[in-house]
Amino acid sequence: MAQVPAPRTLKDTRGYRAFRVVNVTILLLVVAVVLYPFVNIIAQSFSSEGAITSGQVNLVPRGFNIETYRVVMSDSMFWLNYRNTVVYTVVATAIAMVLTTSFAYAISKKHLKGRPVLIGIAVFTMFFNGGLIPNYVLINELGMTNTMWAIVLPNAISVFNLLVMKAFFENLPEELEEAASIDGLTTYGIFFRIVLPLSKAVIATMVLFYAVTFWNSWFTAFLYLDRAELYPVTVYLRNMIAGATTATSMGSSADDAAQVAANIQAVTMVLTLLPIVSLYPFIQKYFVSGVMLGSVKG
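Worth saying up front: this structure is predicted, and the values here are computed from it rather than measured.

## Examining the pattern of salt bridges
Scanning the entire structure with this criterion turns up four salt bridges. A salt bridge links Arg 115 to Glu 170, with the shortest nitrogen-to-oxygen separation between them at 2.7 Å. Within this pair, whereas Arg 115 is found in helix α5 (residues 115–127), its partner Glu 170 is found in helix α8 (residues 159–170), the two being separated by 55 residues in sequence. On the basis of relative accessibility, which here comes to 15%, the residue Arg 115 falls in the buried class. A salt bridge links Lys 166 to Glu 170; its shortest N-O distance comes to 2.9 Å. With Lys 166 and Glu 170 both in helix α8 and four residues apart, the pair spans about one turn of that helix.

## Looking at the packing of aromatic side chains
With the rule as written, the count across this model stands at 17 aromatic pairs. On the numbers, 5.7 Å between centres and 70° between planes, the contact of Tyr 82 with Trp 215 is edge-to-face. One end of the pair, Tyr 82, is in helix α4 (residues 76–107); the other, Trp 215, is in helix α11 (residues 200–216), and 133 residues separate them in sequence. Judged on exposure class, the residue Tyr 82 and its partner Trp 215 are both buried.

## Here we look at the nonpolar core
Of all hydrophobic cores here, the largest spans 32 residues; its most connected members are Met 165, Phe 169, Val 195 and Leu 225. Of all the elements in the fold, those that place two or more residues in this core are α4, α5, α7 (149–152), α8, α10 (187–195) and α11. Tallying contributions element by element places α4 first for this core, with seven residues. Core analysis: the next-biggest nonpolar cluster, separate from the first, contains 14 residues, Phe 78, Tyr 82, Leu 237 and Ile 264 among them.

## Some words on the confidence of the model for the chain
Per-chain confidence: the chain averages 81 in pLDDT, with 85% of residues scoring 70 or above. Predicted confidence in the chain is weakest over helix α14 (residues 254–292), with a mean pLDDT of 71, and strongest over α4, with 91.

## Quick word on a nonpolar patch on the surface
On the surface, Val 22, Ile 26, Val 30, Val 34, Phe 38, Met 269, Leu 273 and Val 277 cluster together to form a nonpolar patch covering roughly 690 Å² of accessible area. Of all the secondary-structure elements, those providing two or more residues to the nonpolar patch are α1 (14–45) and α14. A per-element tally of the nonpolar patch places α1 first, with five residues. You can see Leu 273 is positioned in helix α14. What makes Leu 273 partly exposed here is its relative accessible area of 34%.

## Concerning the packing of α5 against α8
Orientation of α5 relative to α8, taken along the N-to-C sense of each, is 145°, at an axis distance of 9 Å. Taking contact as the criterion, the partners of Arg 115, Ile 119, Ala 122, Val 123, Thr 125 and Met 126 in α5 are, on α8, Val 159, Leu 162, Leu 163, Lys 166 and Glu 170. Here the contact of α5 with α8 is composed, by residue class, of seven nonpolar, one polar and three charged.

The rules we used
- Residues numbered from 1 in each chain as written.
- Predicted model: local features only at pLDDT ≥ 70, side-chain atom pairs only at ≥ 80, totals over all residues.
- Heavy atoms only, no water.
- Salt bridge = Lys/Arg side-chain N within 4 Å of Asp/Glu carboxyl O.
- Helix = DSSP H or I, 4+ residues; strand = E, 2+ residues; numbered from the N terminus.
- Buried < 20%, exposed > 50% of the residue type's maximum accessible area, 1.4 Å probe, protein only.
- Phe/Tyr/Trp six-rings, centres within 6.5 Å; stacked < 30°, edge-to-face > 60°.
- Core = buried A, V, L, I, M, F, W, Y, C linked by side-chain atoms within 4.5 Å.
- pLDDT = per-residue confidence, 0-100.
- Patch = residues over 30% accessible without salt bridge, like charges linked within 9 Å, V, L, I, M, F, W, Y side chains within 5 Å.
- Areas by Shrake-Rupley, 256 points an atom, 1.4 Å probe, with all protein chains shown as cover.
- Axes fitted to C-alpha atoms, helices over the stretch in contact; angles between N-to-C directions.
- Contact = heavy atoms within 4.5 Å.
- Nonpolar A, V, L, I, M, F, W, Y, C, P; charged D, E, K, R; others polar.

Printed below as a string of structure tokens:
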């Protein structure tokens, strides 16, 4: 009985090994360049005022100090505004996802009457808008000033996200929808039972895009909200940086006020980024595939 020869393994060529070494080295350098500012900001947020002003802080905190964290987090208004940010982000992202997915699915169908007009209207808004004053007048006339709706509705659809999702829907196999239609599903049944379950990657990516946008947004709230108890945390932190709320006004000493002034920017960045950074690992696996699948033709 003839023996079956053992399978041969292909060895990497010298050029390919050199390419891998160079590639890994470049990627590590890129990671270092990207991470350095974040690590430096975190180090500054825990450093003393003297170490910061003298330029001693690099990657490790100097003169460990959490006074600014204490001042910010002991203020009840901070937690109220933080809650507002969570509510605004969740509601706005939910509304944006409903509008974006339904609009994108509709204009992804080439047999839709008026499809070019709908796409043209959407793309037109990417380059032209009414301007700051007309937008403010519109929101005011609609009675949405000093309400959550002034935050969540005006930017409910991102045209960039809409076009990415449209491209993704266009690449889904038409045979699936045709088979579902033959089985008796309506358009809404196909959308909810076939299309959306197959679109988890792009949906997770769009949720991340929208959530980051709404979480970091402050100018809309600054423009349309006049009551401090309605502010998102970004406006609260912006006021801290601008000096509208200082350690002295909270009853702190002059030394504490100097400490707050020294690293308030670093502390506010850390407090603002922390929730999004914590969320990202859970949907990172969908991120690349969600964007790329909408740009590759099958």
